[in-house]
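# Observations on chain architecture
Listed below are the residues making up each chain.
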Amino acid sequence: MTNLLTRTLLAAAFAALTTSAFAQEATPWELKTDMGYAYDKDGKTSSYKMGTNNAGKLLKGAKKVPPGTLFFIGHNGQLYMRSGPYLEGDKFMFGSN
């Protein structure tokens, strides 16, 4: 019985360690060039299929997002962006650990 309990505890510990390690891995966004992504005035997100008939109007006033920008939702539900470092080597600086 002790041997079974020991194996079960080791398996649970291993599962907990690997789960937290996987939670730290980055996953790429799948943004597409023919889609628009919106964060509306009520804090809802939407995606839209885009056309080319008003491309000039769309680009007028648009700004490029600089490399090294992190987007996140705060505890208050507000969308934020942060320019600057968010990685230490290949580890996310603001992770749960």
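Residues numbered from 1 in each chain as written. Predicted model: local features only at pLDDT ≥ 70, side-chain atom pairs only at ≥ 80, totals over all residues. Heavy atoms only, no water.

### Some details on the pairing of strand β2 (residues 45-49)
Convention followed: If DSSP finds at least two bridges between two strands, the strands pair. Secondary structure elements are taken from DSSP: a helix is a run of H or I of four residues or more, a strand is a run of E of two residues or more, and numbering for both begins at the N terminus.
Across 5 bridges, the pairing between strand β1 (residues 35-39) and β2 is antiparallel. Pairing of Y39 across the sheet is with T45, part of β2. Where β1 folds back on β2, the antiparallel hairpin that results is connected by 5 residues, among which G43 adopts a positive phi of roughly 85°.

### Remarks on the pattern of salt bridges
Rules: Just to be clear on terms, a salt bridge is a Lys or Arg side-chain nitrogen sitting within 4 Å of an Asp or Glu carboxyl oxygen. When a residue's accessible area, from a 1.4 Å probe over protein chains only, is under 20% of the maximum for its type it is buried; when over 50% it is exposed; and in between it is partly exposed.
This structure, assessed with the given rule, holds 1 salt bridge. When the shortest N-O distance is used, the salt bridge between D34 and K49 registers 2.5 Å. In this pair, D34 is assigned in the loop between α1 (2-23) and β1 and K49 in strand β2, connecting sequence segments 15 residues apart. Classification of K49 by relative accessible area gives exposed; the value is 61%.

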